[in-house]
Amino acid sequence: MIGKLRGIVDSQGEDHVILDVHGVGYMVHCSARTLQALPQAGETATLAIETVVREDMIRLYGFRSEAEREYFRLLQTVQGVGAKVALGILTALDPAALTAAIARADKTALARAPGVGPRLAVRIATELKDKAPVFVPMPGGPAAPQPPAVADDAPQPLADAVSALVNLGYGEPQAARAVSAAVEQAGEGADVARLIRLALRELAS
């Protein structure tokens, strides 16, 4: 099974890219967001790959990150969401925005994706609310904002949770209050993923 491809961008179609890997052209289906982020033809690109094997076909799907690939798999566990709809959702929402939309049960945001109506949006939010991966931008990344100032003795999961919420667009005081409420619910031993999920629900209430 193919898990990753690194090669030269040969050409792009409406929903795919041809990636030349040592003279072999692989057709990789991608979301519009991923296609737009790829370099120009002749330049090198790396994609995480999901290989789908069926009786009548073998198809490759490509993603810029492991978070996108994880969401592609997870979305298809929801009835009514196939590969095409999952790619449409990943076009409309990046992993951070998708995590926030699911936590808030924001059916309006989810329904922006082609093929997702209000009922399916509710189903996605309901079924994935406890399964969605938490997207935490890595500090020092090219697009990552500076982490907020936190107390020197703050537990690391607490500091990481506040930082993640700030990176999602919340103000630091608002994020800190939400995380504090999450700690009261989950206890001081909760990991950062649980704290972020609970804090997002607090912010959505």
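Anyway, here's the lowdown on the structure attached to this text. (Residues numbered from 1 in each chain as written. Predicted model: local features only at pLDDT ≥ 70, side-chain atom pairs only at ≥ 80, totals over all residues. Heavy atoms only, no water.)

Each helix and strand counted, the chain has nine helices and five strands in total. Along the chain, helices (α) and strands (β) appear in the sequence β-β-β-α-β-β-α-α-α-α-α-α-α-α when read from the amino end. Within the chain, the proportion of its 205 residues that are buried is 40%. When the accessible surface of the chain is totalled, it reaches about 11,100 Å², and 50% of it is carbon and sulfur. (Helix = DSSP H or I, 4+ residues; strand = E, 2+ residues; numbered from the N terminus. Buried < 20%, exposed > 50% of the residue type's maximum accessible area, 1.4 Å probe, protein only. Areas by Shrake-Rupley, 256 points an atom, 1.4 Å probe, with all protein chains shown as cover.)

The next point concerns the sheet that holds strand E5 (residues 57-63). Strand order in this closed barrel of five strands is E1-E2-E3-E5-E4, and the pairing throughout is mixed. The mean angle between the axes of side-by-side strands here comes to 55°, regardless of whether they run parallel or antiparallel. With two bridges connecting them, strand E3 (residues 24-29) and E5 associate as parallel partners. Following the sheet pairing, Val28 is matched in E5 by Leu60. In the packing of helix H2 (residues 66-75) onto the sheet, the strands contacted are strand E4 (44-54) and E5, and the crossing angle to E4 comes to about 20°. (Pairing = 2+ DSSP bridges. Axes fitted to C-alpha atoms, helices over the stretch in contact; angles between N-to-C directions. Contact = heavy atoms within 4.5 Å.)

Moving on, we come to the packing of H2 against helix H4 (residues 95-104). Running from amino to carboxyl end, H2 crosses H4 at an angle of 40°, the nearest separation of the two axes being 10 Å. When the interaxial angle is binned, H2 and H4 end up oblique. Residues Ala67, Glu68, Tyr71 and Leu75 of H2 pack against Pro95, Leu98, Thr99 and Ile102 of H4. Along the lines of polarity and charge, the residues of the contact of H2 with H4 split into six nonpolar, one polar and one charged. (Parallel < 35°, antiparallel > 145°, perpendicular 65-115°, else oblique. Nonpolar A, V, L, I, M, F, W, Y, C, P; charged D, E, K, R; others polar.)

As a further point, take the nonpolar core. Membership of the largest hydrophobic core comes to 29 residues, with the highest contact counts inside it found for Leu75, Leu98 and Ile124. At the level of elements, E4, E5, H2, helix H3 (83-92), H4, helix H5 (107-110) and helix H6 (118-128) are the ones that each hand at least two residues to this core. No other element matches H3, which puts six residues into this core. The contacts of Ile124, once residues within four sequence positions are left out, are Leu75, Val78, Val81, Ile89, Leu110 and Val116. Core analysis: the second largest hydrophobic core is formed by 16 residues, Val162, Ala164, Leu165 and Tyr170 among them. (Core = buried A, V, L, I, M, F, W, Y, C linked by side-chain atoms within 4.5 Å.)

What follows is about the packing of aromatic side chains. According to the stated counting rule, one finds two aromatic pairs in the structure shown. Seen in terms of ring centroids, Tyr61 and Phe72 are 4.9 Å apart; in terms of plane orientation they differ by 40°. Their pairing is tilted. Taken together, the residues Tyr61 in strand E5 and Phe72 in helix H2 connect sequence positions 11 residues apart. Side by side, Tyr61 and Phe72 carry an identical accessibility label, which is buried. (Phe/Tyr/Trp six-rings, centres within 6.5 Å; stacked < 30°, edge-to-face > 60°.)

Okay, a nonpolar patch on the surface next. Together, Met1, Val53 and Ile58 line one region of the surface with nonpolar side chains, adding up to about 390 Å² of accessible area. Inspection of the secondary structure assignment puts Ile58 in strand E5. A relative accessible area of 64% places Ile58 in the exposed class. (Patch = residues over 30% accessible without salt bridge, like charges linked within 9 Å, V, L, I, M, F, W, Y side chains within 5 Å. Salt bridge = Lys/Arg side-chain N within 4 Å of Asp/Glu carboxyl O.)

No statement about biological role is implied by the geometric values presented.
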